[in-house]
Amino acid sequence: MFVKQAAVTDIANVSSRRANNIISLSAGINFTDTYTTMSSDLLVDLNDDLGVDDPPSNALDQLKLSPMGDKLWPPDDSSMSKSETDISKRLGEGSHLTWDHPYYDIARHQIVEVAGDDNFGRKVIVFNACRMPPHHELDHHKLLMYLKATLDQYVESDYTLIYFHNGLTSENKPSLSWLRDAYREFDRKYKKNIKALYIVHPTMFIKTLLILFKPLISFKFGRKINYINYLSELEDIVKCEQLVIPTRVRDYDEKIRASLKPSVQAQMSPPRSPPLPNQQFGVPLPTLRARSSDNGAVPLVMRDTVAFLMEQGMHHSFRFYQGIFRRSANVTLVRDVQHRYNSGEEVSFSQMEDVHLAAVILKTFLRELPEPLLTYQLYNDIVNFHNVDSSSHVTAIRNMLAMLPEENYASLKFLIEFLVQVSAQSEINKMNNANLAVVFGPNLLWGQDAAMTLSAIGPINNFTRTLLDQHYKVFSP
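This write-up is about the structure you can find in this document.

What counts as what
Residues numbered from 1 in each chain as written. Predicted model: local features only at pLDDT ≥ 70, side-chain atom pairs only at ≥ 80, totals over all residues. Heavy atoms only, no water. Buried < 20%, exposed > 50% of the residue type's maximum accessible area, 1.4 Å probe, protein only. Helix = DSSP H or I, 4+ residues; strand = E, 2+ residues; numbered from the N terminus. Pairing = 2+ DSSP bridges. Expected span 1.5 Å × (residues − 1). Polar contact = N/O pair within 3.5 Å; in protein donor to acceptor, adjacent residues only side chain to side chain. Core = buried A, V, L, I, M, F, W, Y, C linked by side-chain atoms within 4.5 Å. Contact = heavy atoms within 4.5 Å. Axes fitted to C-alpha atoms, helices over the stretch in contact; angles between N-to-C directions. Salt bridge = Lys/Arg side-chain N within 4 Å of Asp/Glu carboxyl O. Parallel < 35°, antiparallel > 145°, perpendicular 65-115°, else oblique. Left-handed = near helix turned anticlockwise from the far one by under 90°. Nonpolar A, V, L, I, M, F, W, Y, C, P; charged D, E, K, R; others polar. Phe/Tyr/Trp six-rings, centres within 6.5 Å; stacked < 30°, edge-to-face > 60°.

**Quick look at the pairing of strand E3 (residues 112–117)**
Right, so step 1: Of all six residues in E3, six are buried; the element is thus mostly enclosed.
Right, so step 2: For E3 and strand E4 (residues 123–128), the ladder comprises four bridges, and the chain directions are antiparallel. Looking at E4, one finds that Asp117 is bridged to Lys123.
Right, so step 3: Hairpin remark: E3 followed by E4, antiparallel, with five residues in the connecting loop; positive phi at Gly121, about 80 degrees.

In structure tokens, the structure reads:
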């Protein structure tokens, strides 16, 4: 016992020196007048590892953030995208849920959002620390349950988690014991398909926190954690315009970018390349039709991917195509296929023999259209479709689709007829109409400002499901 206590004392001394070093490196953590807080927190984990009994019961809650600047920041406007205005008025300001929903008091803060797909076909879940109210105004256990309930809709698919750390203060931070319990609460179901966790604007606090939690975090999960120092770095992962990034986070990013040397700023924002003569991705449908040798209304990428998926993805082994459209593909291959299409090269998915690659390319093509397949003109009608009586659904949808340009209508009909065939085998591939709507809804429609939130995704997904359910009547002559 004496040796064990001596070891703890030595470790505490080392922790003291490290804590003092951290103080000099960052204003992100406040150790008040001494290193006592950090040392006690470190000792809690170390005591657990060494088997020392009765650690301080509240030690995990004592790690503090620097209050410097907390009061200087204006409160975030918590504004939704322009496309969300009508929806928020209907459901209650800032929430995608009605006021009597069990999670309304959590959802209204917009702490957790879903923002469509990233550049590799994975669902994007966003957590905004700056939108967390003071801890005495927020039920953190309920927040955890709400986060799990949100993830439950997407964890069967590959997904990406983006955490905006800026705005976590001494007033709104949850306790470390809560964070520990939260990590343990998310079992393999939630961790298996998360492909990456991006921590935006990390501070020394968050980096130290991860060091403290290292004994709890598996090596495999630890490899998925990435630091993003500037918002511009997110462009390699997801289009920033589809994220409703809080004003406070954008202001902070501009502040730290302004402090950089001009040469560094220039390197971080390279000019975009001009479109190639045979560009397929990010090109309007009428342009693609004009380039087509047969003047076909359905774009080449859609025809290629669907033909391959019909041939291979629909009749392959149970293991291979179960959850089709839920898996992401190799990032390098996705970029290579896009480049080959844009360069005018022929692409043969049969040679690559990768069903998930073709599925991701199809979703990526739809997501990168300059205007969504269902067009901006139909946005308001679709997000308000819930107001239409069920007996009039088919008529309302037919009237809306009649307003689509010829290329859009033909491409939508082509896609829906394919997805219906996928759904017909849902007992095997686990992709029924509801699941397909979750996957494809955000890729068929988004607001003119491109931002996506739960307030918009829900109505869009519901419309997409109805379109799949009623496709025979909708597209009948």
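**Looking at helix H15 (residues 331–342)**
Right, so step 1: The end-to-end C-alpha separation of H15 is 17 Å, in line with the 16 Å expected for twelve residues at 1.5 Å each.
Right, so step 2: Listed as buried for H15 are Val334, Val337, Gln338, Arg340, Tyr341 and Asn342.
Right, so step 3: Its side-chain oxygen placed 2.9 Å from the backbone nitrogen of Thr332, Asn330 serves as the N-cap of H15.
Right, so step 4: Gly344 sits one or two residues past H15 and shows a positive phi near 85 degrees.

**Some words on the nonpolar core**
Right, so step 1: If you look at the biggest cluster of nonpolar residues, it comprises 103 residues, and the most contacted ones within it are Phe325 and Leu412.
Right, so step 2: Those residues within four positions of Leu412 in sequence are excluded, and the remaining contacts are Leu373, Leu374, Leu401, Leu404, Leu444, Leu467 and Phe475.
Right, so step 3: Ile162, Ala196, Val238 and Val249 belong to the second largest nonpolar core, which has 18 residues in total.

**So, the sheet that holds strand E5 (residues 159–164)**
Right, so step 1: Spatially, E3-E4-E5-E6-E7 is the arrangement adopted by the five strands of the open sheet, whose pairing is mixed. In the strand order of this sheet, the two ends are held by E3 and strand E7 (225–228), each with one partner. Shown here is a sheet whose adjacent strand axes are inclined to one another by a mean of 25 degrees, direction ignored.

**Remarks on the pairing of strand E6 (residues 194–200)**
Right, so step 1: Here E6 lies mainly inside the structure; six of its seven residues are buried.
Right, so step 2: Sheet topology places E6 next to E7; four bridges connect them, and they run parallel. Note on E7: the bridge partner recorded for Ile199 is Tyr227.

**What about the pattern of salt bridges?**
Right, so step 1: Counting across every chain of the model gives 16 salt bridges.
Right, so step 2: Ionic pairing is found between Asp152 and Lys189, a salt bridge with its closest N-O pair at 3.0 Å. You can see Asp152 sitting in the loop between helix H5 (140–151) and E5 and its partner Lys189 sitting in helix H7 (residues 188–191), a full 37 residues away along the chain.
Right, so step 3: Here Asp152 falls in the partly exposed class, since its relative accessible area comes to 36%.
Right, so step 4: Between Glu417 and Lys413 there is a salt bridge, and its shortest N-O distance comes to 2.8 Å. Here Glu417 pairs with Lys413, and both are found in helix H20 (residues 406–423), just four residues apart, close to one helical turn.
Right, so step 5: Assessed through its relative accessible area of 35%, Glu417 is described here as partly exposed.

**Some remarks on the packing of H5 against helix H6 (residues 176–185)**
Two quantities define a packed helix pair, namely the angle between the axes and the distance from one axis to the other.
Right, so step 1: Between H5 and H6, whose axes approach to 11 Å, the crossing angle comes to 25 degrees. It follows that H5 is roughly parallel to H6 by the angle criterion. In the crossing of H5 with H6, the sense of the turn from one axis to the other is right-handed. Residue-level contacts link His140, His141, Leu144, Met145 and Lys148 of H5 to Trp178, Ala182 and Glu185 of H6.
Right, so step 2: Of the residues in the contact of H5 with H6, the class split is four nonpolar, two polar and two charged.

**Overview of the packing of aromatic side chains**
Right, so step 1: The full count for this structure, using the stated rule, is twelve aromatic pairs.
Right, so step 2: Both rings, one in Tyr103 and one in Tyr146, keep their centres 5.7 Å apart while their planes meet at 50 degrees; by these two values the pair is tilted. Here Tyr146 lies in helix H5 and Tyr103 lies in the loop between helix H3 (85–91) and helix H4 (104–107), a separation of 43 residues in the sequence.
Right, so step 3: Classification of Tyr103 as partly exposed rests on a relative accessible area of 22%.
Right, so step 4: Using a relative accessible area of 4% as the deciding quantity, one classes Tyr146 as buried.
Right, so step 5: Between the aromatic rings of Phe385 and Phe463, the centroid separation amounts to 5.2 Å while the plane-to-plane angle is 90 degrees, which identifies the pairing as edge-to-face. In this pair, Phe385 sits in the loop between helix H18 (379–383) and helix H19 (393–401) while Phe463 sits in helix H23 (residues 454–469), placing the two residues 78 residues apart along the sequence.
Right, so step 6: On the basis of relative accessibility, which here comes to 4%, the residue Phe385 falls in the buried class.
Right, so step 7: Through a chain of ring-to-ring contacts, three or more aromatic side chains come together here, namely Phe281, Phe308, Tyr341, Phe349 and Phe365.

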